[in-house]
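Here is how the chains run, residue by residue.
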Amino acid sequence: MKAAVRRRRLTVLFSVALLVFLIDLSSKLLVVAKLEGRSPIRIIGDAVSLQVIRNSGAAFGMGQTMTIVFTVIAAAVVVVIWRISRRLYSLPWAIALGLLLGGAVGNLADRIFRSPATFRGHVVDFISVQHFAVFNLADSAIVCGGILVVLLSFRGSNPDGTTHRTAAPEEPAAPAEPSGEEPRPEERAE
């Protein structure tokens, strides 16, 4: 019975990851083919637009010279999720990990296969929100998956389907044993 539940959770995890990866890949292929080298396209006034940017760094343009480091980090995330999935019995955790895995693989594919070089590729970002960073759908999936992991952790949910408490339950105080002595006057009930 437990094996069947685990298989279903793994199916959800990898289905969500595959869906995220395919949507991310398709969107990047489309925007590179249709929008790269063009002026931004406004979607919602000046607030949201589409513009292709090749990002060699991490979110918010940080670490532009550390592309190989981000490639290794993304690969490590994939390995950690794979290890966690071996004891996965929780449906919400399967969805959260699927979002994280799909997003990590989407950006990892850019790092491995896009120019300027293998394992040093620049990630295609194209969703521009005013006063915010330019990002892609893989980034969105990673953020949503991360938020879900935090919420599940605060609720006390574990990937294996168990729950944990943040504080040990208080034990009731043991009743005082009679000592045979008379209570002192300040201890007597009035």
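Preceding this paragraph is the structure being described.
Conventions we followed
- Residues numbered from 1 in each chain as written.
- Predicted model: local features only at pLDDT ≥ 70, side-chain atom pairs only at ≥ 80, totals over all residues.
- Heavy atoms only, no water.
- Helix = DSSP H or I, 4+ residues; strand = E, 2+ residues; numbered from the N terminus.
- Buried < 20%, exposed > 50% of the residue type's maximum accessible area, 1.4 Å probe, protein only.
- Contact = heavy atoms within 4.5 Å.
- Areas by Shrake-Rupley, 256 points an atom, 1.4 Å probe, with all protein chains shown as cover.
- Pairing = 2+ DSSP bridges.
- Phe/Tyr/Trp six-rings, centres within 6.5 Å; stacked < 30°, edge-to-face > 60°.
- Polar contact = N/O pair within 3.5 Å; in protein donor to acceptor, adjacent residues only side chain to side chain.

S.K.: Sorry if this is basic, but what is going on with the overall build of the chain here?
M.R.: Within the chain one finds four helices and four strands. Along the chain, helices and strands appear, N-terminal first, in the series α-β-β-α-α-β-β-α. Counting every position in the chain, which comprises 190 residues, the buried fraction comes to 34%. Considering only contacts in the chain between residues 6 or more positions apart, those separated by 24 or more positions represent 67%. Looking at the chain as shown, the accessible area adds up to about 12500 Å², and 64% of this sits on carbon and sulfur atoms.

S.K.: Mind showing me how you'd approach the sheet that holds strand 3 (residues 123-129) here?
M.R.: Overall, antiparallel pairing links the four strands, which are arranged 1-2-3-4 in an open sheet. Whereas interior strands pair on both sides, the edge strands pair on one side only; in this sheet they are strand 1 (41-44) and strand 4 (134-135). Where strand 1 meets strand 2 (residues 48-55), three bridges bridge the pair, whose relative direction is antiparallel. Opposite R42, over in strand 2, you have S49 as the bridge partner.

S.K.: How should the packing of aromatic side chains be read in this particular structure?
M.R.: Each aromatic ring pair is described using two quantities: the centre-to-centre distance and the angle formed by the ring planes. Tallied over the full model, the rule gives two aromatic pairs. A ring pair is formed by F14 and W82, whose centres lie 5.8 Å apart and whose planes are at 45°; its orientation type is tilted. Within this pair, whereas F14 is found in helix 1 (residues 2-35), its partner W82 is found in helix 2 (residues 67-85), the two being separated by 68 residues in sequence. F14 gets classed as partly exposed once you look at its relative accessible area, which sits at 33%. Judged by its relative accessible area of 52%, W82 falls in the exposed class. Centroid distance F132 to F135: 6.1 Å. Interplanar angle 80°. Geometry classified as edge-to-face.

S.K.: I'm lost on the side chain of D110 in this one. Help?
M.R.: Along the polypeptide, D110 turns up in helix 3 (residues 91-113). Classification of D110 as buried rests on a relative accessible area of 3%. Residues in contact with D110, not counting those within four places in the same chain, are K28, G121, H122, V123 and V124.

S.K.: Help me understand unusual backbone geometry in this model?
M.R.: Note: most peptide bonds trans; most residues except glycine with negative phi. The step from S115 to P116 runs through a cis peptide bond, and the omega angle for that step is 20°. With respect to the element layout, P116 can be found in the loop between helix 3 and strand 3. Within the chain, H131 stands out as a residue other than glycine whose phi angle is a positive 65°. Considering the arrangement of structural elements, one finds H131 in the loop between strand 3 and strand 4. The exposure class assigned to H131 is exposed, which follows from its relative accessible area of 78%.

S.K.: Explanation requested: the side chain of S27 in the structure shown.
M.R.: Relative to the helices and strands, S27 resides in helix 1. For S27, a relative accessible area of 12% corresponds to the buried category. In this structure the side chain of S27 is engaged in a polar contact, spanning 2.8 Å, whose partner is the backbone oxygen of D24. Non-local contacts of S27, meaning those with residues more than four positions away in its chain, are made with F126 and L137.

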